[in-house]
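Each chain is listed here by its residues.
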Amino acid sequence: MLRLLFIVLLVFTGFNSASAAEPVDLRVLAWPGYADADMVAAFEKRYKVKVKVSYITNDDEMWLRMGHKQGANYDLFAVNTAELQRYIDAKLATPLNPQAIGNMAKQLPRFTSLQDIPGVTRDEQVYAIPYTYSEMGLIYNKNYFEQPPISWNVLWDPQFQGKILAYNGSAHNYTLAGMVLGVENPFQQTNQQLKLSTEQLLALRRNVLTFYSSPEEASEFYNQESVALVFANYGAQQLKQLQDAGADIGYVIPQEGALAWLDCWAMSSGVKNQDLAHKWIDFTLEPWVSQLLTERQGLANTIVQDTRSLPEDKIIWLEEVEDHQRRSEFWENILSGKTLQMMSLP
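Let me begin by describing the structure that accompanies this report. (Residues numbered from 1 in each chain as written. Predicted model: local features only at pLDDT ≥ 70, side-chain atom pairs only at ≥ 80, totals over all residues. Heavy atoms only, no water.)

This part takes up the overall build of the protein chain. Along the backbone of the protein chain there are 11 helices and 15 strands. Overall, the protein chain is about 80 × 50 × 40 Å in size when its C-alpha atoms are taken along their principal axes. Among the 346 residues that make up the protein chain, the fraction classed as buried is 52%. Nonlocal contacts in the protein chain, meaning residues at least 24 apart in sequence, comprise 76% of its contacts between residues at least 6 apart. (Helix = DSSP H or I, 4+ residues; strand = E, 2+ residues; numbered from the N terminus. Buried < 20%, exposed > 50% of the residue type's maximum accessible area, 1.4 Å probe, protein only. Contact = heavy atoms within 4.5 Å.)

The next point concerns the packing of helix α5 (residues 170-181) against helix α11 (residues 324-335). Remark: α5 packs on α11, axes separated minimally by 8 Å, with the N-to-C direction vectors making an angle of 85°. Comparing their axes, α11 and α5 come out roughly perpendicular. Packed against α5, whose contacting residues are S170, A171, N173, Y174 and T175, the element α11 presents H324, R327, S328, F330, W331 and I334 at the interface. Of the residues in the contact of α5 with α11, the class split is 5 nonpolar, 5 polar and 1 charged. (Axes fitted to C-alpha atoms, helices over the stretch in contact; angles between N-to-C directions. Parallel < 35°, antiparallel > 145°, perpendicular 65-115°, else oblique. Nonpolar A, V, L, I, M, F, W, Y, C, P; charged D, E, K, R; others polar.)

What follows covers the packing of aromatic side chains. Counted by the stated rule, this structure contains 20 aromatic pairs. Plain terms: the ring middles of F43 and Y47 are 4.9 Å apart, the flat faces sit at 50° to each other, and that makes the pair tilted. In this pair, F43 and Y47 are both assigned in helix α2 (residues 37-47), 4 residues apart and thus about one turn of the helix distant. According to the relative accessible area criterion, F43 is buried, its value standing at 0%. The interplanar angle of 65° and the centroid separation of 5.3 Å between the aromatic rings of F43 and F283 together place this pair among those described as edge-to-face. One end of the pair, F43, is in helix α2; the other, F283, is in helix α9 (residues 274-284), with 240 residues separating them in the sequence. (Phe/Tyr/Trp six-rings, centres within 6.5 Å; stacked < 30°, edge-to-face > 60°.)

Let us now look at helix α7 (residues 215-224). Given 3.6 residues per helical turn, the α-helix brings residues three or four places apart onto the same face. The set of residues buried in α7 consists of P215, A218, S219 and Y222. One face of α7 carries all of its buried residues, which in axial projection span an arc of 100°. Each element contacted by the buried residues of α7 is listed here: β8 (138-141), β9 (164-167), β10 (208-212), β11 (229-231), α8 (235-244) and β12 (249-252). (Arc of directions from axis to C-beta.)

The next thing to look at is the environment of Q192. Mapped onto the elements of the fold, Q192 is located in helix α6 (residues 191-207). For Q192 and L114, which are 78 residues apart along the polypeptide, the C-alpha to C-alpha distance reads 33 Å.

This part is about the side chain of T302. Mapped onto the elements of the fold, T302 is located in the loop between β14 (300-301) and β15 (315-317). With relative accessibility at 0%, the residue T302 sits in the buried group. Side chain to side chain, T302 and Q107 meet in a polar contact 2.9 Å long. Non-local contacts of T302, meaning those with residues more than four positions away in its chain, are made with Q107, L108, F111, P130, Y131, T132 and L285. (Polar contact = N/O pair within 3.5 Å; in protein donor to acceptor, adjacent residues only side chain to side chain.)

Strand direction decides the pairing type here: strand β1 (residues 26-30) and strand β2 (residues 51-55), joined by 5 bridges, are parallel. Paired with L29 across the bridge in β2 is S54. Viewed along the sheet, the connection from β1 through α2 into β2 turns out right-handed. (Pairing = 2+ DSSP bridges. Right-handed = clockwise from strand over helix to strand, strands pointing away.)

Read these as geometric descriptors, not functional statements.
Right, here's the structure in full:
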């Protein structure tokens, strides 16, 4: 009887070897698809360690998690270059040692010169290693084009009025408008340049069927309406989704270039084992691991050239913009149907 009572107590108190928390050697904070279970298992088997992967779904969530206990809860995190700088400013990220990551030698040429990638380095120290990216190209309906369009200006062509899907986002749209206008740095626009970009976006509004927020929403509109062009904010992922649905489409990087986000592995200031953290990054840069991103997620990786784009395509990595709040306010005015005269521009 006493033995039975002891067993019951074990069950209800959780005092058994199966429920005891296993020691964790590496703590990774990443986006879904960046560290699948089979990939993690292979790493654990190779180095005889235990890895814990936590997932986030947006930049705000990552910022909150990393800020808790000053990054002490994680060793590595996957962050885009436009966001990384504020982690460095907040001392939530610590420099990496590229010499400890031999597989960087296998990366494509556009990723080998880290000093040329905005946001990856500071004061000649490396804070992030590129892992995956997606450019925001132009999807076109082959029923409307005998040849692929070559410029973003096609979005403003009157013949496609009501046949364009554009993204509902202030920062990216103002940067795109600046690119089309030839602004030298579309991420840092002056008051006059913002006014011109606003005029450009007001003109775009007249051509757009609707502004979508998610790839799923864009696919739904594409399948229901006669759409000619899509500003593919979600890039290759969005392309794959439409192609899987049977859409007869093409994808191009226009001559002005395409905005692109670049997600990198960064090391937390709370890292416990820097050697193991570097081993993780090196492992993810093995061709078979990186290729999982493309096969499963439709994302480009930094090792194998993406067949949906060309090496010479002009990729413009996202950077911090001059004023997120102001761009957002202007954009809300555009969406609400206001004219330039009705807007309080600087």
